[in-house]
Structure formats: structure tokens, C-alpha cells
Amino acid sequence: MGAVAGVVIVIVIVRILSGSIKVPAIALAIGAKVGLFVFTIAMVQATAPEVANAVLHAVAFFLIWAPTPLLRWIVVPLRMPRTAYWTVRICFPLGLIKEIEAAAVVYGALALVPKGPSDQTISWLERKLRNAETMQGSGVVAAGLLAALRKDVDRARGLLATADRMHPRLIPRTMRAIARDWLVVDAARVGNWHRVIRLGRHGVTRLRWSYSMARIGERLTGDPQAWRNWQLWPCFLWAPRRRVTYPLFRRALAVPVRRPVQLDAAPSATEFSLALGGLARALEVANAHDGELLARSVQAVDRDLDSMREMIEQRLGMLGSRRDAGSVLTQFRQHLIDLVTPLIEDDPYLARAAQPGSIMEQAVWQVRRRLMGDIDAQCRDYRDRTAGESSLDLVAEWERWAWLNSSAIRLLELDSAAESVVFQMVYAPVCNFAVYQHNGRKRIALAHDMFIWLLRYAQSVPEARQLLAKNVQAGIAGI
Amino acid sequence: MTTGDPLALWRSNPFFVLEVATDATPTDVERAGQRLLALLTVGSANVQTYPTPLGPATRDAEQIRQALAALRDPEQRVLHELWASVIPAGGQASANGNAGPWEEAERALGWSALWAR
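Residues numbered from 1 in each chain as written. Chains lettered and ligands numbered in written order. Predicted model: local features only at pLDDT ≥ 70, side-chain atom pairs only at ≥ 80, totals over all residues.

1. So, the overall build of chain A
Using the following cut-off: In DSSP terms, a helix is any run of H or I states spanning at least four residues, a strand is any run of E spanning at least two, and both are numbered starting from the N terminus. The burial label depends on the number of other C-beta atoms within 10 Å of a residue's C-beta. Counts of 20 or more mean buried, 12 or fewer mean exposed, and intermediate counts mean partly exposed, with C-beta atoms placed from the backbone. By the convention adopted here, residues are in contact when the distance between their C-beta atoms, placed from the backbone, does not exceed 7 Å.
Within chain A one finds 23 helices and zero strands. Burial status across chain A gives 41% buried among its 479 residues. Counting contacts in chain A only where the partners sit at least 6 residues apart, residues at least 24 apart contribute 61% of the total.

Structure, rendered in C-alpha cells:
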């Protein structure tokens with residue numbers, strides 16, 4: 001009887017390994033863990049004395065059933081990147097089973113943070129990530145963290161933002177939290193509270209710390225929807241990182257609730273020099289991301305500039321020039337646009353108060369043109385590579401996609417009316433490239449993310465919507 | 001995200017770089033430029049930084065030469081006169097002083113000093 005059972009078990013194992021019986025990875029991992037746990041306990045009981053026995057029991061329990069707390073509370077704070085990597089690889093945390101190599105790199109990178117980035121370890125982790133068989137959300141988070149450790153903040157921002165907006169099917173909750181928390185800190189450290197609020201209010205998944213930070217941000221910016229103290233306190237207490245966040249929380253409590261938004265009085269000085277002073281001040285505090293203040297200051301300079309025409313003509317005459325004041329005024333306005341453009345490029349939200357025909361709007365058009373150029377270049381690259389059937393390695397491909405994504409999202413933040421234009425631009429090249437990645441390269445997760453993203457903006461094109469919905473379904477089957 | 005200095009370009013206004021008034025004569029401008037170049041050549045430490053109404057800035061010989069060239073062109077000079085006429089605004093510019101940057105943000109993740117400045 002026993003021999004027959006043994007033969008059946010061997011047949012089942014052989015069929016699972018050959019792929020003819022499909023078992024979800026998570027079921028296999030649980031099975032393996034149960035087996036390992038029983039085996040370890042049996043070995044411990046057979047060999048160790050009583051006290052050591054209990055300790056070994058606990059260690060075996062944690063390593064096999066709860067490796068994530070062990071990683072977070074012990075291995076990462078102890079600054080052991082390679083140990084963190086191998087702990088994930090060996091212990092197989094159940095929530096990260098789909099992309100175990102990438103998740104191992106994420107914990108390796110996190111353990112490297114308090115230690116201070118070392119080139120050698122970053123390169124080692126990068127090699128491990130490149131060798132990963134699949135790359136979904138955890139892989140993108142890993143690539144983002146490694147870029148951040150290399151101080152390539154733009155690339156890190158693009159990758160982590162891509163990970164944060166991914167469908168829950170592609171990214172575990174813990175990995176999304178790592179990505180979003182980094183983005184929240186990246187915005188909060190320069191006082192971009194509007195971005196913190198948008199990140200925290202994210203529709204896909206709510207995460208405790210980013211949600212609490214968004215509520216704090218609302219109070220700090222005097223948002224009319226800001227919560228009162230009694231609502232804010234439980235939210236703060238429920239979120240992690242309370243000790244570090246407490247001073248900021250106190251700062252938020254000091255801001256009166258639901259006060260009317262106090263806009264500075266429009267710069268009343270009609271004198272040009274004072275208007276320039278106001279502009280300098282607005283640029284200086286642009287990190288407070290006060291778009292209305294910036295728009296009003298630029299408008300005041302622009303308005304007062306025309307009153308300088310006579311003075312400019314006099315000065316040109318005194319200096320022996322025959323040119324008229326118009327050329328100086330045009331150049332001045334161009335300088336003004338050049339001064340504001342990089343700020344809008346960094347934070348499109350600053351342009352929300354731009355009035356039609358204003359200098360700010362001209363700066364918006366410059367940024368818009370540049371972003372359109374970026375998107376077009378990337379689309380051309382996708383078109384060429386689809387035709388030539390050439391692909392980059394998986395990490396580089398996700399980086400390119402994150403870059404296109406972030407350009408498109410910034411463009412839509414700047415001008416939400418451009419949605420259909422952007423969709424028309426990206427639809428064919430991205431969809432065809434995604435099909436090539438799906439069918440030709442079996443990079444299902446990357447293609448799936450592209451289809452989902454396109455589908456979100458395809459609402460006004462029924463044929464495209466149908467095709468994309470079908471492609472998304474095909475992706476779900478493959479993930 | 002803004003990490004660069006948005007006023008850097010403004011601080012490099014030729015009048016600020018040469019430390020001359022906007023009504024200075026062309027001779028005064030040339031003299032100021034040559035004096036600064038000479039001081040830079042002998043390695044005077046004080047000459048590398050200069051005050052502006054928008055805060056201090058640093059200069060080198062190339063910037064001084066560019067400033068001199070810009071002020072020799074009447075149209076460019078008038079343009080720079082306009083920018084140099086700024087009177088710094090005092091007081092609180094933002095609607096809410098509490099909404100500034102969160103200095104300890106990086107500590108929340110344990111990422112202190114890892115963000116590129």
C-alpha cells in the first residue's frame with residue numbers, strides 16, 4: 001500500500017515538474033514550506049536539548065512562515081544587503097512569490113540604504129535583477145530603488161511612479177507601499193504638498209502612511225476639504241513612522257481648519273521694480289508650489305512692463321541705439337518665459353492658474369511642445385523596433401516605458417484637454433510594440449501594463465477600446 | 001521636482017556680476033570689469049563671490065568677460081537694466097508659511113543624504 005502511495009506521489013511530482021499538471025506557484029510554495037517545516041521540527045526534536053529546541057522551533061517558524069517581518073525588523077536595519085537578498089530567495093515570502101528574484105533585490109536595496117550606497121553592492125544587485133526571469137511590479141520597484149541609490153532621481157521617480165499606478169495584479173501591496181512612500185518623501189521634502197495629496201488619494205489602493213501624509217498635506221495647504229483635529233489624530237496614530245512624522249503633524253495641527261484660502265493681495269505696487277521683487281520672491285518660494293502666487297507675480301511684471309516703454313526708448317537713444325523698445329520688450333518677455341518654464345516642467349501643477357494669453361500660458365506651451373517631442377521620439381523608437389523586431393533587456397525596456405509614461409502623465413497634468421491627442425499619438429506604436437513584446441518576447445507583464453494604460457485613455461475610441469480590452473484579457477491569462 | 005535654484009540666472013545679471021549701478025557709464029563698466037579680472041588673476045578670494053539683491057552668487061573670469069560683452073551692446077544693456085532694477089520684496093510671500101518643505105522627510109525612509117541636491 002505504502003509503495004503504491006509512494007509511486008503515486010512520485011508520478012504527481014514528475015508531472016508537476018514537467019508542467020503537465022498546473023499548480024499555482026503559491027500552492028507549491030506552501031506545500032514546500034509545510035514539508036520543510038515538518039522536516040526541520042522533526043530534526044530539531046531528534047537532536048537538540050529542550051531550551052535550544054524551543055529557540056530553534058521559533059527560528060524555523062519565523063524563517064519559514066514569517067520571513068517578511070524578519071527582513072523588515074532585523075535584516076534591513078542591520079544593514080545586510082546580501083543577507084536580505086538571500087533570505088528572500090531562500091525563505092520565499094508568500095506575498096512576493098511571483099517575482100522572488102526582484103523582491104530579493106528590493107530588500108537588498110533597502111538594506112543598503114542605511115549603510116550608504118556602495119558601488120560594488122549596487123552593481124551586484126543590478127546583475128541579480130538583470131538575471132531575473134520575470135519582471136513585474138517588484139522588478140520595477142527594484143530598478144527604481146537602484147536608480148535612486150545611484151542618485152538618478154529622475155529615473156527613480158519615473159520607475160516608482162509607474163510601479164505605483166500599476167494594476168494590483170502586477171504588483172504586491174508591500175511593493176506598492178515602498179514605491180509610493182518614496183514618491184511621497186520625494187515630494188514632501190521640497191514642499192510639493194499638492195503632489196503628496198494626489199499620491200495619498202490614489203484611487204487604486206490606499207496605503208496607511210501615504211494616506212495620512214495626504215491628510216496632513218491638506219491641512220498644511222489650507223485645503224477646504226482638510227480634516228479636523230479629531231479626525232486627523234486617529235489617522236496619524238494608525239499610520240507607521242509616527243515618531244519621524246510627529247513634528248510635521250504638529251505643524252499641520254497649527255494650521256486652522258477650513259479657513260478660507262487666504263490669497264495674498266495681488267501685488268499692488270504698480271512700479272515695475274517692485275513687481276520684479278514680487279516675482280523674485282515667488283520664484284524663491286516656488287518650492288512651496290504656490291501656482292497662484294507665481295501666476296499673479298508673472299502677470300504683474302508683464303502688466304507693468306508696458307509702462308516702461310518710454311523709459312526704454314529714452315535709454316536706447318542715450319546709448320546711441322536706433323532700435324525701438326519693442327525688441328527689448330519681446331526679449332524681456334522671452335526671458336520671463338525662460339525663467340518660469342523649468343519650474344512648470346518640474347511641477348506641471350504650478351501652471352493650473354495660468355490665464356489664457358498670459359506669459360505663464362506661453363511657458364506652458366513651451367513645456368507642452370517639449371513633452372510632445374519626447375513622446376513622439378519614444379513612439380518613433382517603438383515603431384522602428386517593432387518593425388525591426390529588436391528589444392532591449394527587460395530592465396531597460398521598463399525604463400523606456402516609465403519615461404514615456406511620465407512624459408504623457410505630465411503632459412496631461414499640464415493640459416487635460418490633450419488626452420485624445422496624446423492617445424492618437426501613442427496608440428498605434430505602443431499597442432503594436434506591446435503585441436510584439438507579448439507574442440514575440442513573452443514579456444507578458446510589460447505588455448499587459450501597456451495595454452491597461454492605453455485602455456484607460458481609449459474611452460472615446462470604441463474600436464481601440466475593444467481591441468485593448470481583448471489584449472488585457474489575454475494578458476491576464478498569461479500572468 | 002525643483003532642486004535647482006530658479007534665481008541663478010537672474011543673479012548672473014551683468015550689472016550684479018560687475019557690481020556696477022544701472023546708470024554707470026560705459027567707462028565705469030569697463031574699468032570695473034578690468035579691475036575684477038585683475039583681482040581674479042592674482043587669486044583674491046573675496047572677488048569670487050558678489051552680493052546681489054537676490055542673495056550672494058559666485059563668478060569667474062568667463063562670466064566677467066560675458067558681462068562686459070553684454071553691456072557693450074545697447075539693446076542688451078537696456079534689457080539687463082530692466083532685470084537689475086529689482087527691488088526685493090520683504091515679508092511672507094506664500095499664502096501659508098507652514099506649507100514649506102519638510103526638512104526631515106528623508107529621515108522618514110532612512111534615506112538621509114541620498115537624494116541628489
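2. Details of the overall build of chain B
A tally of regular secondary structure across chain B gives six helices and two strands. Listing the helices and strands of chain B from first to last along the sequence gives α-α-α-β-β-α-α-α. Counting only residues that meet the buried cut, chain B has 32% of its 117 residues in that class. Across chain B, contacts joining residues at least 24 apart in sequence account for 62% of those joining residues at least 6 apart.

3. Some words on the domain arrangement of chain A
Interface extent is often summarised as the accessible area lost during association of the parts. All names here are of chain A. What counts is decided by this rule: Boundaries between domains were set according to an automatic or database domain assignment.
Domain parsing of chain A yields domain 1 (2–64), domain 2 (74–253), domain 3 (272–353) and domain 4 (373–478). Between the C-alpha centres of domain 2 and domain 4 the distance comes to 25 Å. Contacts between domain 2 and domain 4 engage 17 residues on the former and 15 residues on the latter. Only helix H7 (119–130), helix H8 (137–149) and helix H9 (153–164) provide two or more residues apiece to the side of domain 2 that touches domain 4. The dominant element in the side of domain 2 that touches domain 4, judged by the number of residues it contributes, is H9, at five residues.

4. What to know about the nonpolar core
Note the threshold: Working definition: the nonpolar core is a set of buried Ala, Val, Leu, Ile, Met, Phe, Trp, Tyr and Cys residues, joined through C-beta atoms within 7 Å.
Counting 141 residues, the largest nonpolar core has Val88, Val106, Tyr107, Ala109, Val141, Ala142 and Trp398 of chain A as its most contacted members. With eleven residues, helix H6 (residues 100–115) of chain A is the largest single contributor of residues to this core. Residues contacting Tyr107 of chain A, with those up to four places away along its chain left out, are Leu71, Val76, Ala84, Tyr85 and Val88 of chain A. Core analysis: the second largest hydrophobic core is formed by eleven residues, Phe16, Val20, Val29 and Leu71 of chain B among them.

5. Some remarks on the packing of H8 of chain A against helix H10 (residues 173–188) of chain A
If you want to describe how two helices pack, look at the angle between their axes and the distance between the axes. All names here are of chain A. Our working definition: For helices, the axis comes from a line fit to the C-alpha atoms of the stretch in contact; other axes are also lines fit to C-alpha atoms, and the angle between any two N-to-C directions lies between 0 and 180 degrees. For any helix crossing, the convention is left-handed if the near helix is rotated counterclockwise from the far helix by under a right angle, and right-handed if that rotation is clockwise.
One can describe the packing of H8 onto H10 by two numbers: an axis separation of 9 Å at closest approach and a directional angle of 35 degrees. Two packed elements cross with a definite hand, and for H8 against H10 that hand is left-handed. Of H10, the residues touching H8 (which contributes Gly137, Ser138, Val141, Gly144 and Ala148) are Met175, Arg176, Ile178, Ala179 and Trp182.

6. Things to note about helix H4 (residues 61–72) of chain B
All names here are of chain B. Applicable threshold: Here a helix's expected span is defined as the number of its residues, less one, multiplied by 1.5 Å. Note that the arc is computed from the directions linking the helix axis to the C-beta atoms.
In this model H4 runs 17 Å from its N-terminal to its C-terminal C-alpha over twelve residues, within 8% of the 16 Å that 1.5 Å per residue would give. Those residues of H4 lying buried are Ile64, Ala67 and Leu71. Down the axis of H4, the buried side of the element spans an arc of 60 degrees, and every buried residue falls inside it. In H4, the exposed positions that point more than 90 degrees away from the buried face belong to Ala61, Glu62, Arg65 and Ala69. Check the buried side of H4 and you find it contacts helix H2 (14–18), helix H3 (26–41) and helix H5 (74–84).

7. Observations regarding the interface of chain A and chain B
Here is the rule we go by: Gly counts as polar in this scheme, as do all residues outside two lists: the nonpolar Ala, Val, Leu, Ile, Met, Phe, Trp, Tyr, Cys and Pro, and the charged Asp, Glu, Lys and Arg.
Tallying the contact residues gives 66 residues for chain A and 40 residues for chain B. The set of elements that each furnish at least two residues to the side of chain A that touches chain B consists of H6, H8, H10, helix H14 (242–253), helix H15 (272–284), helix H17 (309–318) and helix H18 (325–346) of chain A. Looking at the side of chain A that touches chain B residue by residue, the classes come out as 38 nonpolar, 14 polar and 14 charged.

8. Thoughts on unusual backbone geometry
The backbone of Arg79 of chain A shows a phi angle near 60 degrees, a positive value even though the residue is not glycine. By the secondary structure assignment, Arg79 of chain A is in the loop between helix H4 (67–75) and helix H5 (81–91). With phi around 55 degrees, Glu19 of chain B is a residue other than glycine that occupies positive phi space. Within the secondary structure layout, Glu19 of chain B lies in the loop between H2 and H3.

9. Quick word on the environment of Ala363 of chain A
Residues and elements named next belong to chain A. As for its position among the elements, Ala363 is in helix H19 (residues 359–387). Judged by the 24 C-beta atoms lying within 10 Å of it, Ala363 is buried. Sequence separation between Ala363 and Ile344 is 19 residues, and the spatial gap between their C-alpha atoms is 7.6 Å. Discounting chain neighbours no more than four positions away, the residues touching Ala363 are Ile337, Val340, Thr341 and Ile344.

10. Quick word on the packing of helix H21 (residues 419–440) of chain A against helix H22 (residues 444–456) of chain A
Residues and elements named next belong to chain A. Short version of the rule: The cut-offs work like this: below 35 degrees is roughly parallel, past 145 is roughly antiparallel, 65 to 115 is roughly perpendicular, and the gaps in between are oblique.
Viewed as axis vectors pointing N to C, H21 and H22 meet at an angle of 155 degrees, and their least axial separation amounts to 8 Å. Classified by the interaxial angle, the pair formed by H21 and H22 is roughly antiparallel. Helix-helix and strand crossings are classified by hand; for H21 and H22 the assignment is left-handed. Only Ile444, Leu446, Ala447, Met450, Phe451 and Leu454 of H22 make contact with H21, whose side of the interface consists of Tyr427, Val430, Cys431, Ala434, Gln437 and His438. Here the contact of H21 with H22 is built from residues that sort into ten nonpolar, two polar and no charged.

11. Brief notes about the confidence of the model for chain A
Any residue range with low pLDDT should be treated as having predicted coordinates unsuitable for detailed reading. The criterion, for reference: The quantity called pLDDT is the predictor's confidence in a given residue, expressed from 0 to 100.
Averaged over every residue, the pLDDT of chain A is 84; the share at 70 or more is 89%. Note that pLDDT drops below 50 for residues 260–269 of chain A; the model gives that stretch 16 contacts with residues more than four away or on any other chain.

12. Comments concerning the confidence of the model for chain B
Averaged over all residues, the pLDDT of chain B equals 83, while 84% of them reach at least 70. For this predicted complex, the interface score ipTM comes out at 0.83, alongside a pTM of 0.76.

13. Considerations on the environment of Ala252 of chain A
Residue and element names in this part refer to chain A. Note that Ala252 resides in helix H14. Taking the number of C-beta atoms within 10 Å as the measure of exposure, Ala252 has 25 and is therefore buried. Among all residues touching Ala252, those that are not within four sequence positions of it are Ile216, Arg219 and Leu220.

14. Concerning the environment of Met308 of chain A
The residue Met308 of chain A is located in the loop between helix H16 (291–305) and H17 in this model. Sequence spacing of Met308 of chain A and Arg250 of chain A is 58 residues, and the spatial spacing of their C-alpha atoms is 47 Å. With near-sequence residues (within four places) excluded, Met308 of chain A lies in contact with Phe272 of chain A together with Leu82 of chain B.

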